[in-house]
Structures are given as C-alpha cells and as structure tokens.
Amino acid sequence: RAVQSLSTLACGPSNADIIDALVVAAHELLRYVRKLKFSKRLMLVTDGSCSAAIDEEQASRICETLTGEGVKLHVVVAGGDAAKQRVAEQLHLLQSTLGAAGMRLESLGAAREDALNPKRKIVRPTKAFSGALMLG
C-alpha cells in the first residue's frame with residue numbers, strides 16, 4: 001500500500017534528489033551491515049519527478065563505493081514509461097559505470113512480481129553423522 005501511494009505524493013521545493021537519497025541510503029546500509037556477510041542490495045523507489053544533476057566525479061565515487069562494498073543497486077520506477085525514461089536519463093552515468101550486474105532499473109509492476117515470486121534456493125541433504133550410535 002505504501003508503494004501504491006507514491007503516485008499521490010508531490011515533489012517538494014527542496015534541493016534533494018535521487019543522488020542525495022542514494023548517498024544517504026548507501027551510507028546507512030554500510031554503517032549498519034559493516035563487513036557482515038549479507039547480500040547487500042539498495043532499493044531506490046522513485047518516480048523521477050525531481051531533477052538529479054550528477055557529474056562524472058560524483059558518479060565515479062558512488063560507483064567505487066558501491067562496487068567496493070558489494071552493494072547492488074535496484075532502482076524501481078513508480079509511473080509509466082515516461083517516468084522510467086526520466087530516471088534512466090538522470091542515472092545514465094551510474095548505469096554506464098556500474099553496468100548490468102551492479103544496477104537494475106525496472107518498473108513498479110516488475111518489482112511487485114519479483115517480490116511476490118521470490119527465488120528459492122534448492123537445498124540438498126547432507127550427511128550430518130557418521131559412526132556407531134549407542135542408545136540407552
């Protein structure tokens with residue numbers, strides 16, 4: 001429900017943009033997880049209505065931090081194809097530097113399908129005990 005209500009929110013007059021949100025979220029994620037062995041994914045949900053200006057230096061620093069720490073960026077666009085195009089234009093430097101393995105850009109419907117149908121890992125039985133067992 002919270003994701004569905006994104007379309008009713010309006011962009012405020014502040015200077016915050018997608019890049020600011022990305023930097024703060026990456027900092028908080030890395031501060032919380034540190035060097036623990038978690039799969040680090042950062043999900044950024046946006047409609048792309050606020051403008052984002054990023055230069056090559058900023059993009060390279062952000063990409064260096066994300067790839068160095070093993071963080072995968074998952075950008076979910078709420079809105080139609082026009083919103084997805086706006087976000088792709090705003091994040092083109094990040095997408096070209098991170099590549100397909102480090103950044104995924106998809107629509108809200110596709111993200112909802114992924115959330116409803118999680119990938120399951122096949123678990124094989126392993127031998128846990130070997131030897132004689134004495135009962136009683």
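This report concerns the structure included in the present document. (Residues numbered from 1 in each chain as written. Predicted model: local features only at pLDDT ≥ 70, side-chain atom pairs only at ≥ 80, totals over all residues. Heavy atoms only, no water.)

### Overview of the sheet that holds strand β3 (residues 103-107)
Each strand in a sheet pairs with another by means of backbone hydrogen bonds, the pair being arranged parallel or else antiparallel. Read from one edge of the open sheet, three strands run β1-β2-β3, paired in parallel fashion. The outermost strands of the open sheet, each flanked by one partner alone, are β1 (41-46) and β3. With strand direction ignored, the average angle separating the axes of adjacent strands in the sheet is 20 degrees. Strand direction decides the pairing type here: β1 and strand β2 (residues 72-77), joined by six bridges, are parallel. Bridge pairing links T46 to V77 in β2. Relative to β1, helix α1 (residues 18-33) is tilted by about 150 degrees, and along the sheet it contacts β1 and β2. Helix-sheet contacts for helix α3 (residues 81-90) involve β1, β2 and β3, and the interaxial angle to β3 is about 160 degrees. (Pairing = 2+ DSSP bridges. Helix = DSSP H or I, 4+ residues; strand = E, 2+ residues; numbered from the N terminus. Axes fitted to C-alpha atoms, helices over the stretch in contact; angles between N-to-C directions. Contact = heavy atoms within 4.5 Å.)

### Overview of the side chain of H74
Mapped onto the secondary structure, H74 falls in strand β2. A residue is classified by how much of its surface remains accessible, and H74, at 10% relative accessible area, is buried. One polar contact links H74 to E106, side chain to side chain, over a distance of 2.6 Å. When residues no more than four places from it in sequence are discounted, the contact partners of H74 are L42, M43, L44, R104 and E106. (Buried < 20%, exposed > 50% of the residue type's maximum accessible area, 1.4 Å probe, protein only. Polar contact = N/O pair within 3.5 Å; in protein donor to acceptor, adjacent residues only side chain to side chain.)

### Notes on a nonpolar patch on the surface
A contiguous nonpolar surface patch, about 400 Å² in accessible area, is contributed by F129, L133 and L135. One can find F129 in the segment after α5 (108-116). The exposed category is assigned to F129, whose relative accessible area is 52%. (Patch = residues over 30% accessible without salt bridge, like charges linked within 9 Å, V, L, I, M, F, W, Y side chains within 5 Å. Areas by Shrake-Rupley, 256 points an atom, 1.4 Å probe, with all protein chains shown as cover. Salt bridge = Lys/Arg side-chain N within 4 Å of Asp/Glu carboxyl O.)

### What about the environment of E89?
With respect to the helices, strands and loops of the structure, E89 is situated in helix α3. Using a relative accessible area of 49% as the deciding quantity, one classes E89 as partly exposed. The spatial distance from the C-alpha of E89 to the C-alpha of G48 is 9.6 Å, given a sequence separation of 41 residues.

### Structural notes on the nonpolar core
Residues V75, L91 and L94 are the most contacted members of the largest nonpolar core, which totals 27 residues. A per-element tally of this core places α1 first, with seven residues. Aside from chain neighbours lying at most four places away, what touches L94 is I19, L22, I54, A59, I62, C63, G99 and M103. (Core = buried A, V, L, I, M, F, W, Y, C linked by side-chain atoms within 4.5 Å.)

### Some details on the pattern of salt bridges
Taken as a whole, this structure holds two salt bridges when the rule is applied. Across the pair R31 and E28 runs a salt bridge, and its minimum N-O distance is 2.7 Å. Placement of the pair is R31 and E28 together in helix α1, with a separation of three residues, close to one helical turn. We classify R31 as exposed; its relative accessible area is 51%.

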